[in-house]
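The chain contents come next:
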Amino acid sequence: MLYMRDKIKEFFKENYKILLVYLVVLFLFTYKLPYYIHTGGGIINTNDKVKIETEYKSDGKFNFAYVESRNAIIPLYLIAQFNDNWDIEKISNLKVDENDTVKDINFRDKLDLDISIANATINAYKLAGKEVNIKSIDNYIVYLKDKEKTNLQVGDILLKVDGKSVNNLDEVRDIVKTKNINDEIPVIVKRDNKEKECYVTVFSEDNEKMIGVSIMSLTNFETEPELDVKFSKNESGPSGGLMLGLTIYDKLTEDDLTNGLNIVGSGTLDSVGNVGAIGGVKYKLQGAVKNKADVFIAANEENYDECMKLKKEKNYDIEIIGVDTLEDAINKLKDLKK
C-alpha cells in the first residue's frame, strides 16, 4: 500500500506540469460562458426535401440558409472579439417566457415548419395552375399566458368555446368580451385524437378581458400531382417557407426557374403568399456567400436593406433580390434570364 502511494506521488511529481496543462486546456474548451456566438451558417438544398409524383428537373438548385449559433467557450469568445463576422450575444437576452417549457417551444417550432410547408404548397400549386384541395384547418393552442387559470395544454386543437365552434382567435375574443372577470368558459378540444372538455378563466390585463391563449392555424390539404416533403427531426421553424414555395413551383412547371444558378434565400410565407422578414439575415447571407451562391433572396425593406448594406461593406459578389410575395419572387427570377 505504501509502495503504491509512493508511486502515485512520484508520478504526480514527475508529470505535474503536463497534468496542469491538460487541466487548463480542458477548462478552456469545456467551460461555457453565458454567451452565444452567432456566425455565418450553412445552406440546405430544398430540392432534396421535395418530391412530386411527376416533376420537372432543373439545372440549378434552391436552398434555404440557416444561422450557426453555439455556446461560447473561452477560445471562441476571444476569436469573436477580433472577427467582424462573429457576433456575441448574452444568453439572458434570449431567455424564454417563464410560462414556456422546452416541450412547448419544440412543439411550436415544429408546427411553424408544418405551417410553412402548407403555405408554400398551397401558394405554389395555385400559381402553377395545379390542383390543391383544402380539407380542413386545425387551430392549435401554442401558448398559455397563465397555466393556473386553465387546464388546456399546448398542442390541443381548439374545437368549441362556450358551446360555439370557432375558426380563429378573433371569434374566441368576441366570446370572451361577453363574459365577466373570473368567469370560467367551457372549451372543447381534441387531445391525443380524443375530444376533451376543458375550461379557461377570464382575467383582465391592461383593461382588456382575455383568457391568455394563443393559436396557430394549420391547413390540411390534398394535391394533384401528389407531393411529399420531408425534413429531419432537428429541422424546424418558419423561415424556409419562401424557398420551399419556389422549389415546389419550379418542380411543377416546365421552365427552369433556377436558370442553372445556385439560389439561396430565407423568408416566411403566409397563407396568401406574402413573404415575411426573418431574424439573423446577415448571417444567412454570409453563409450563402461562403457556399458560393449566385443569388440571395430576402424579404423587401428591412431584410433586403440589411443585405445590400452588408454586400457593399464586404464587397460580396452575389446578386441580391428583394421580394414581397411568392409570385413576386417567381417573376424576378424569370427576369434574371433576360
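Attention here is on the structure that accompanies the text. Predicted, not measured: the structure shown is a model, and the values here were computed from it.

Below, the discussion takes up the environment of Glu319. The residue Glu319 is located in strand S20 (residues 319-323) in this model. A relative accessible area of 40% means that Glu319 is categorised as partly exposed. Sequence separation between Glu319 and Asp294 is 25 residues; the distance between their C-alpha atoms is 6.2 Å. In this view, Glu319 contacts Asp294, Val295, Phe296, Lys311 and Leu336; residues no more than four positions away in its chain are not counted.

Pairing within the open sheet is mixed, and its five strands lie in the order S2-S4-S16-S19-S20. The open sheet has two edge strands with one neighbour each: strand S2 (43-45) and S20. Here the strands of the sheet are splayed against their neighbours by 30 degrees on average, with no regard to which way each runs. Sheet topology places strand S19 (residues 295-299) next to S20; five bridges connect them, and they run parallel. Looking across to S20, one finds that Phe296 is bridged to Ile320.

Once that is clear, we can look at the side chain of Lys179. Tracing the backbone shows Lys179 in the loop between helix H4 (169-177) and strand S10 (184-191). Its relative accessible area of 18% is what places Lys179 among the buried residues. Non-local contacts of Lys179, meaning those with residues more than four positions away in its chain, are made with Asp162, Ile185, Val202 and Lys209.

There is a patch of nonpolar side chains on the surface, built from Val21, Val25 and Phe29 and spanning about 270 Å² of accessible area. Tracing the backbone shows Val21 in helix H1 (residues 2-30).

It is worth spelling out the pairing of S20 at this point. Most of S20 is tucked away: four of the five residues are buried. In this region the chain leaves S19, passes through helix H7 (residues 302-314) and returns to the parallel neighbour S20; the handedness of that crossover is right-handed.

With that settled, the discussion passes to the pairing of S10. Burial along S10 is one-sided: the residues Ile185, Val187, Val189 and Arg191 are buried and none of Glu184, Pro186, Ile188 and Lys190 is. Of the pairings in the sheet, the one linking strand S8 (residues 157-161) to S10 comprises four bridges and is antiparallel in character. Bridging from a neighbouring strand, Leu158 pairs with Val189 of S10. Here S10 folds back onto strand S11 (residues 194-201) in antiparallel fashion, the turn holding two residues, of which Asp192 has a positive phi close to 55 degrees.

Parameters at a glance
- Residues numbered from 1 in each chain as written.
- Predicted model: local features only at pLDDT ≥ 70, side-chain atom pairs only at ≥ 80, totals over all residues.
- Heavy atoms only, no water.
- Helix = DSSP H or I, 4+ residues; strand = E, 2+ residues; numbered from the N terminus.
- Buried < 20%, exposed > 50% of the residue type's maximum accessible area, 1.4 Å probe, protein only.
- Contact = heavy atoms within 4.5 Å.
- Pairing = 2+ DSSP bridges.
- Axes fitted to C-alpha atoms, helices over the stretch in contact; angles between N-to-C directions.
- Patch = residues over 30% accessible without salt bridge, like charges linked within 9 Å, V, L, I, M, F, W, Y side chains within 5 Å.
- Areas by Shrake-Rupley, 256 points an atom, 1.4 Å probe, with all protein chains shown as cover.
- Salt bridge = Lys/Arg side-chain N within 4 Å of Asp/Glu carboxyl O.
- Right-handed = clockwise from strand over helix to strand, strands pointing away.

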